[in-house]
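# Close look at the chain arrangement
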Amino acid sequence: MMNELKPAQAGTLESNDIMITVAPGASGSGVVIELESIVLAQYGQLIKQVIAAVIAEQGIHDIYIKAVDRGALDCTIKARTLAALTRAGVILPKELI
């Protein structure tokens, strides 16, 4: 569940971290993920899948996400995505808080 989605970000550009920036997408645009990564060739698809799974779990359908990865682990990618969504106005279920 969410209120009006606003632009927000979480994370840093430090080694082993990821900066996730979220913004509302146009109605009907779906989930758009733009990814820059130092391991794009090896793990780019997996990183996008992790982000997309978090977005889907929250029931969000129209959102633009820019991710700048510096070798983050899956747990960091999930945490940064959830933090950015929270800052953007998404109300997370209690079990995720």
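Cut-offs applied
- Counting restarts for each chain: residues are numbered from 1 in the order of the written sequence.
- Local features in a predicted model are, by the rule used here, given only for residues with pLDDT of at least 70; side-chain atom pairs are given and counted only at 80 or more, and totals for whole chains, interfaces and linings are based on all residues.
- Water and hydrogen atoms play no part in the side-chain values, which are based on all heavy atoms of the structure.
- Only DSSP runs of H or I reaching four residues or more are called helices, and only runs of E reaching two or more are called strands; each is numbered from the N terminus.
- Our radius of gyration is a C-alpha quantity, and the globule rule it is checked against amounts to 2.2 Å times the number of residues to the power 0.38.
- Type-normalised accessible area, obtained with a 1.4 Å probe on protein chains alone, sets the label of each residue: buried when under 20%, exposed when over 50%, and partly exposed for intermediate values.
- Contacts are assigned to residue pairs that have any heavy atoms within 4.5 Å of one another.
- To measure how exposed things are, a 1.4 Å probe is used in the Shrake-Rupley method; for residues, cover is taken only from the protein chains shown.
- Each residue after the first adds 1.5 Å to the expected span of a helix.
- When a carboxyl oxygen of Asp or Glu is within 4 Å of a side-chain nitrogen of Lys or Arg, the pair counts as a salt bridge.

Take the overall build of the protein chain next. If you tally the helices and strands in the protein chain, you get two helices and four strands. Put simply, the protein chain runs from its N terminus to its C terminus through helices and strands in the order β-β-β-α-β-α. Whereas a compact globule of 97 residues would reach a radius of gyration of roughly 13 Å, the protein chain reaches 12 Å, a difference of no more than 12%. Each principal axis of the C-alpha distribution contributes one length, and for the protein chain these read about 35 × 30 × 20 Å. Across the 97 residues that make up the protein chain, the buried fraction comes to 37%. Partitioning the intrachain contacts of the protein chain with sequence separation of at least 6 by distance along the chain shows that 77% fall at a separation of at least 24. In the form shown here, the protein chain has an accessible surface area of approximately 5600 Å², with 56% of it arising from carbon and sulfur atoms.

Here we take up helix H2 (residues 74-88). Between its first and last C-alpha atoms H2 spans 21 Å; for 15 residues at 1.5 Å apiece the expected length is 21 Å, and the two agree. In this fold, the buried residues of H2 make contact with strand E1 (8-10), strand E2 (18-24), helix H1 (40-57) and strand E4 (63-69). Phi turns positive, to about 115°, at glycine 89, one or two residues after H2.

A few words on the environment of isoleucine 60. Relative to the helices and strands, isoleucine 60 resides in the loop between H1 and E4. A C-alpha to C-alpha distance of 9.1 Å links isoleucine 60 and valine 90, two positions 30 residues apart in sequence.

On to the pattern of salt bridges. For the structure shown, the criterion picks out three salt bridges. Across the salt bridge formed by lysine 66 and glutamate 36, the nearest N and O atoms sit 3.2 Å from each other. Remark: glutamate 36 occurs in strand E3 (residues 31-37) and lysine 66 occurs in strand E4; sequence separation between them is 30 residues. For glutamate 36, a relative accessible area of 36% translates into the label partly exposed. The network of salt bridges with shared partners includes Glu34, Glu36 and Lys66.

A separate point is H1. In a regular helix each residue adds 1.5 Å, so 18 residues correspond to 26 Å; H1 covers 24 Å between its end C-alpha atoms and thus fits that length. Of all the positions in H1, only Gly44, Ile47, Val50, Ile51, Val54 and Ile55 are classed as buried. Those residues of H1 hidden inside the fold are in contact with E2, E3, E4 and H2. Downstream of H1 by one or two residues, glycine 59 has phi in the positive range, about 70°.

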